[in-house]
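# Structure assessment
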Amino acid sequence: MNTDFHKIRRLPPYVFEQVNRTKAALRAKGADIIDLGMGNPDLPTPKHIVDKLIETARKPDVNGYSASRGIPGLRRALTDYYKRRFGVSLDKDREVIVTLGSKEGFANLAQAISAPGDVILAPDPSYPLHHFGFIIAGASIRGVPAHTPEQYLSNLGRAVKYSVPPPTAMVLCFPSNPTAAVCDLDFYKEAVKFAKKHDLWVLSDLAYNEIYFEEPTPSILQVDGAKDIAVEFTTMSKTYSRMGFVAGNEKLVGALARVKSYLDYGAYTPIQVAAVAALDGPQACVDETRAIYKARRDVLVDSFTRAGWPVPSPKASMFAWAPIPEQLRHLGSLEFALQLINEAHVAVAPGAGFGEHGDDYVRIALVENEQRIRQAGRNIRKFLASRGVKEIKPVAAAAE
C-alpha cells in the first residue's frame, strides 16, 4: 500500500514542532518553561459571553445541526460590527459567512478558488497557512519579501512580472503575524489598485484588528471598489472567544459557502449565540484586553532590552518580531530557539517557520503575565551573558 501521499510530500516538517517537542520533554522533567512561542490567547472569555453560552446550551432545541453559513443573528451582528467599526455596509446573506475560525475559513477558501498550477502571491515572512493553505490545495506560492507593508507593495510588481502563469490571487495580513507591522488605508488603496490592474483576487487576513496600541487598524473593505475583488478574514479569538468570519466579495464568499456546505454544518449553535452577545454587548472587555497586551508589550520590550536583546516595540497584535542578537545570528532561528528553551527555559517561535525571509528573527508572543515576562527577561540575561552578550543598562542608571 502506497503511503507516500502527494499532498503530504509537499509539506515540510513543521518547524515549530521541534520546539514543542523540546518544551514537552523539559516539562516532563519538571522544568518551568515560560512559553512565549505559541500565539495561544490566555485571557478568559468575558463573563457575559460565557453566561449566554450556558443559557443557550440549556435550551432543548439547540442540539441539532446548525447553519454552515452561520445563524442569521450572528451574520447580522457581524454586519453591524463592520458598520460600527469601519463604516462599511455588508449584505448579511451574500457578503458574510461565519467560520470556525479565520484559519479554517482561509484554508477552505484556498481549496475553493485555486487549482494545481495556479500561482498565489503571499507575504514572506507570514503566517504559515497563508502559504500552505494554497499548497495543500495544489497551487504554487510566490513568496514576496514583506517585513514592512511598503516592502511588500514595492516587490509585488516584480513578482507578477516573473510569475508563469500569471498569479490569480494575493494575500495580505496587517497587523501582520509574525512581524506585527501595521498598514494604513493608503496602503489598501494601492493594493486594491494593483490587484485590479493585474486581475487578482485579494485575501486579507485581519485577525489582529482589535489588538492595536496606537491608531485603530483599517479594513481593506473601506476602500471604494474593494468588494469587487477582496474578502477579509477576521477572528474573535483574540478578543472574545473562538469564532471567525469572512466578509467582502460576494463570489468569493459564495465559493467558500459551497465548499463549507460539504464539509461542516457550522459551529455549535450556543457558541454562535454567544458570539452575537460578544459583538452586540458591552465592549469594555475589548479595551481591557488591549490594555493588558499593551502593558505586557511594554514590560517585554523593557526587560528583554535590559537583558541585552533590543526588541522593537510592536504597534499592534499580540506578538513582537525580534531580530536575533547579532552575536548569535549565525545560529539561525531554529537553533537559537532550541538553545533558548534548553538553557533559559523560554520558548519562542523560530522565524524560519514563517518563511525563508524570517530566519534572522524569532516571534515572541505576549501570552504570559507581566511577572512571567520579567522572569523570562532575567533568564535570557543569564543566557546571553554566557555567550558574551552584555546587558543594556537604562540611560538614567548609566548617568548615575
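Scroll up to find the structure.
The paragraphs below set out a description of the structure included in this document.

### Points about the sheet that holds strand E9 (residues 319–323)
- Pairing is antiparallel across the open sheet formed by three strands, whose spatial order is E9-E12-E11. Each edge of the sheet is formed by a strand with only one pairing partner; in this case those strands are E9 and strand E11 (349–350).

### Quick word on helix H13 (residues 370–385)
- End to end, H13 covers 23 Å across 16 residues, agreeing with the expected 22 Å (1.5 Å per residue, within 8%).
- Every buried residue of H13 is accounted for by Ile373, Ala376, Gly377, Asn379, Ile380, Phe383 and Leu384.
- For H13, the secondary structure elements touched by its buried residues are strand E1 (34–35), helix H11 (284–306), helix H12 (332–344) and strand E10 (346–347).
- Of the residues that open H13, the one with a side-chain oxygen 3.1 Å from the backbone nitrogen of Gln371 is Asn369.

### What about the pairing of strand E7 (residues 230–235)?
- For E7, the tally of buried residues reaches six of six residues, placing the bulk of the element in the interior.
- Along E7, one buried face is formed by Ala230, Glu232 and Thr234 and the opposite face, lined by Val231, Phe233 and Thr235, is buried too.

### A look at the state of the cysteines
- Counted according to the given criterion, the structure contains zero disulfides.
- Here Cys173 stays free of any disulfide, with the sulfur of Cys183 as its closest cysteine sulfur at 9.7 Å.
- Classification of Cys173 as buried rests on a relative accessible area of 4%.

### Focus: the sheet that holds strand E3 (residues 119–124)
- One open sheet holds the seven strands; their spatial order is E2-E8-E7-E6-E5-E3-E4, and the pairing between them is mixed. Only two strands of the sheet have a single neighbouring strand rather than two, namely strand E2 (96–99) and strand E4 (140–145). Along the sheet, successive strands turn relative to each other by an average axial angle of 20 degrees, direction set aside.
- Relative to E7, strand E6 (residues 201–205) is paired through four bridges, and the arrangement is parallel. Paired with Ser204 across the bridge in E7 is Glu232.
- Sheet strands in contact with helix H4 (residues 72–86) are E2, E7 and strand E8 (244–248), and its direction is about 115 degrees off that of E2.
- Against the sheet, helix H5 (residues 102–113) engages E2, strand E5 (169–173), E6, E7 and E8, with an angle of about 155 degrees to E7.

### A short note on the nonpolar core
- The biggest cluster of nonpolar side chains holds 52 residues, and the ones touching the most others in it are Leu74, Tyr82, Tyr152, Met170, Leu172, Tyr188 and Ile220.
- Every element with two or more residues in this core is listed here: H4, E2, helix H7 (149–161), E5, helix H8 (185–197), E8, helix H10 (269–280) and H11.
- When neighbours within four sequence positions are excluded, Ile220 is seen to be in contact with Leu172, Tyr188, Val192, Val202, Ser204, Ala226, Ala230 and Glu232.
- Ile211, Phe213, Val311 and Ala337 belong to the second-largest nonpolar core, a separate cluster that totals 43 residues.

### Considerations on empty space enclosed by the protein
- Counted under the stated rule, the structure contains two cavities of 30 Å³ or more.
- Taken together, 14 residues line the largest cavity, and the ones lying closest to its centre are Tyr81, Asn209, Glu210, Thr235 and Thr239.
- For the lining of the largest cavity, the class distribution of residues is eight nonpolar, four polar and two charged.
- The volume enclosed by the second largest cavity comes to roughly 50 Å³.
- Around the second largest cavity sit Pro123, Pro125, Ser126, Ala146, Leu172, Cys173, Phe174, Ser176, Asn177 and Thr179, which together line it.
- For the lining of the second largest cavity, the class distribution of residues is six nonpolar, four polar and no charged.

### A look at the side chain of Thr79
- Within the fold, Thr79 resides in helix H4.
- Other than its neighbours up to four places away in sequence, Thr79 contacts Val88, Leu90, Asp91, Lys92 and Val96.

### Here's the deal with the pattern of salt bridges
- For the structure shown, the criterion picks out 25 salt bridges.
- Notably, a salt bridge pairs Arg76 with Asp280, separated by 2.9 Å at the nearest N-O pair. Note that Arg76 is positioned in helix H4 and Asp280 in helix H10, a separation of 204 residues in sequence.
- Residue class for Asp280 comes out partly exposed when judged on its relative accessible area of 39%.
- Salt bridges linked by common partners bring Arg85, Glu210, Asp287 and Arg290 together as one network.

### Concerning a nonpolar patch on the surface
- A cluster of nonpolar side chains, namely Phe5, Ile8, Leu11 and Ile136, defines an oily patch on the protein surface of about 350 Å² accessible area.
- On the secondary structure map, Leu11 appears in the loop between helix H1 (6–9) and helix H2 (15–28).

### With respect to the environment of Lys92
- Residue position: Lys92 is located in the loop between H4 and E2.
- For the pair formed by Lys92 and Pro116, sequence separation is 24 residues and the distance between their alpha carbons is 32 Å.
- Residues within four places of Lys92 in sequence aside, it is in contact with Pro72, Arg75, Arg76 and Thr79.
- One polar contact links Lys92 to Asp93, side chain to side chain, over a distance of 3.2 Å.

### Details of the layout of surface pockets
- In this structure, the largest pocket encloses a volume near 580 Å³.
- Every residue lining the largest pocket is counted, 37 residues in all, and those nearest its centre are Gly39, Lys103, Tyr127, Asn177 and Tyr208.
- Considered class by class, the residues forming the lining of the largest pocket number 20 nonpolar, ten polar and seven charged.

### Topic: the pairing of E9
- Most of E9 is tucked away, with four of its five residues classed as buried.
- Note: E9 against strand E12 (residues 361–365), five bridges, orientation antiparallel. For Trp321, the partnering residue across the bridge sits in E12 and is Arg363.

Conventions we followed
- Residues numbered from 1 in each chain as written.
- Predicted model: local features only at pLDDT ≥ 70, side-chain atom pairs only at ≥ 80, totals over all residues.
- Heavy atoms only, no water.
- Pairing = 2+ DSSP bridges.
- Helix = DSSP H or I, 4+ residues; strand = E, 2+ residues; numbered from the N terminus.
- Expected span 1.5 Å × (residues − 1).
- Buried < 20%, exposed > 50% of the residue type's maximum accessible area, 1.4 Å probe, protein only.
- Contact = heavy atoms within 4.5 Å.
- Polar contact = N/O pair within 3.5 Å; in protein donor to acceptor, adjacent residues only side chain to side chain.
- Disulfide = S-S within 2.5 Å.
- Axes fitted to C-alpha atoms, helices over the stretch in contact; angles between N-to-C directions.
- Core = buried A, V, L, I, M, F, W, Y, C linked by side-chain atoms within 4.5 Å.
- 1 Å grid on protein atoms, 1.4 Å probe; cavity = no way out; pocket = protein on both sides within 12 Å on 5 of 7 lines; lining within 4 Å.
- Points joined across faces, edges and corners; volume = space filled by probe spheres on them.
- Nonpolar A, V, L, I, M, F, W, Y, C, P; charged D, E, K, R; others polar.
- Salt bridge = Lys/Arg side-chain N within 4 Å of Asp/Glu carboxyl O.
- Patch = residues over 30% accessible without salt bridge, like charges linked within 9 Å, V, L, I, M, F, W, Y side chains within 5 Å.
- Areas by Shrake-Rupley, 256 points an atom, 1.4 Å probe, with all protein chains shown as cover.

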